[in-house]
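An overview of the molecular structure
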Amino acid sequence: MNTTAPCLFSALPVALQRRFVQFLRQELGDDQNTTIAPADEWLQAALVIDPTVQVHPARGTFWIRRGRKALENMARHFLVVPRPVAELLDRHQLLRANPADYGLTDEEWLALAL
């Protein structure tokens, strides 16, 4: 069998929840190392939203059957670096380091983006 039946994220075993969080961080962070929140914060957000997911063990991937938009909104506002702000900082050369290394909290990035 290539897939498991769809189920709520909270019903997955802990090991699969952790794998799902890694999958989310990579997919929603656009695989560009833009993630600044720790995996535990992503896990807490996923538990709050509790999406319906389907596991594809053979591929090591997940399908998000319900709740993807909420996860994307959460990631955009709280869990990954807001890209327009990073581009703005780079373009005006306010800081010359990689935006992911600025050391700002999620709340500070959000305040800059508003």
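Just above, that's the structure.
We now turn to the structure provided with this report. Everything quoted here is computed from the prediction, not taken from an experiment.

1. A few points about the overall build of the chain
Each helix and strand in the chain was counted, giving 5 helices and 3 strands. Along the chain, helices (α) and strands (β) appear in the sequence β-α-α-β-β-α-α-α when read from the amino end. Burial status across the chain gives 34% buried among its 114 residues. Of all intrachain contacts in the chain linking residues separated by at least 6 positions in sequence, the fraction that spans at least 24 positions is 66%.

2. Regarding the pattern of salt bridges
Per the stated rule, a full pass over the model turns up 3 salt bridges. Among the charged side chains, a network of salt bridges with common partners joins Glu27, Arg68 and Glu72.

3. Remarks on helix H2 (residues 39-49)
Each turn of an α-helix holds 3.6 residues, which means side chains three or four residues apart point in the same direction. Every buried residue of H2 is accounted for by Trp42, Leu43, Ala45 and Ala46. Buried residues of H2, seen end-on, are gathered within an arc of 165° and therefore sit on one face of the element.

4. What to know about helix H3 (residues 68-79)
Helix length check: H3 (12 residues) gives 14 Å between terminal C-alpha atoms against 16 Å at 1.5 Å per residue, more than 12% under. Buried residues along H3 sit in contact with helix H1 (14-28), H2 and strand S3 (61-66).

5. Brief notes about the sheet that holds strand S2 (residues 52-56)
For sheets, the rule is that strands pair by backbone hydrogen bonds, running either parallel or antiparallel. Spatially, the 3 strands line up as an open sheet ordered S1-S2-S3, and their pairing is antiparallel. Strands with a single pairing partner mark the edges of an open sheet, and in this sheet they are strand S1 (7-8) and S3. When S2 meets S3, the two strands line up antiparallel, connected through 5 bridges. What sits directly across from Gln54, in S3, is Trp63. In this fold H1 packs onto S2 and S3, with an angle of close to 85° to the strand it touches most, S3.

6. So, the side chain of Asp50
Relative to the assigned elements, Asp50 resides in the loop between H2 and S2. This buried residue, Asp50, is left without a salt bridge; Arg66 holds the nearest opposite charge, at 11 Å. A polar side-chain atom of Asp50 sits 3.2 Å from the main-chain amide nitrogen of Phe9. For Asp50, the residues in contact, after removing those within four places along its chain, are Leu8, Phe9 and Ser10.

7. What about the packing of aromatic side chains?
Enumeration over the complete set of coordinates arrives at 4 aromatic pairs. With centroids separated by 5.5 Å and ring planes inclined at 55°, the aromatic side chains of Phe23 and Phe62 adopt a geometry described as tilted. Of this pair, Phe23 sits in helix H1 while Phe62 sits in strand S3, and the two are 39 residues apart along the sequence. With a relative accessible area of 16%, Phe23 lands in the buried category. For Phe62, a relative accessible area of 4% puts it in the buried group.

8. Observations regarding the nonpolar core
Formed by 21 residues in total, the largest nonpolar core has its most connected members in Leu12, Phe20, Leu24, Trp42 and Phe62. No other element matches H1, which puts 6 residues into this core.

Analysis parameters
Residues numbered from 1 in each chain as written. Predicted model: local features only at pLDDT ≥ 70, side-chain atom pairs only at ≥ 80, totals over all residues. Heavy atoms only, no water. Helix = DSSP H or I, 4+ residues; strand = E, 2+ residues; numbered from the N terminus. Buried < 20%, exposed > 50% of the residue type's maximum accessible area, 1.4 Å probe, protein only. Contact = heavy atoms within 4.5 Å. Salt bridge = Lys/Arg side-chain N within 4 Å of Asp/Glu carboxyl O. Arc of directions from axis to C-beta. Expected span 1.5 Å × (residues − 1). Pairing = 2+ DSSP bridges. Axes fitted to C-alpha atoms, helices over the stretch in contact; angles between N-to-C directions. Lys, Arg positive; Asp, Glu negative; His and termini not counted. Polar contact = N/O pair within 3.5 Å; in protein donor to acceptor, adjacent residues only side chain to side chain. Phe/Tyr/Trp six-rings, centres within 6.5 Å; stacked < 30°, edge-to-face > 60°. Core = buried A, V, L, I, M, F, W, Y, C linked by side-chain atoms within 4.5 Å.

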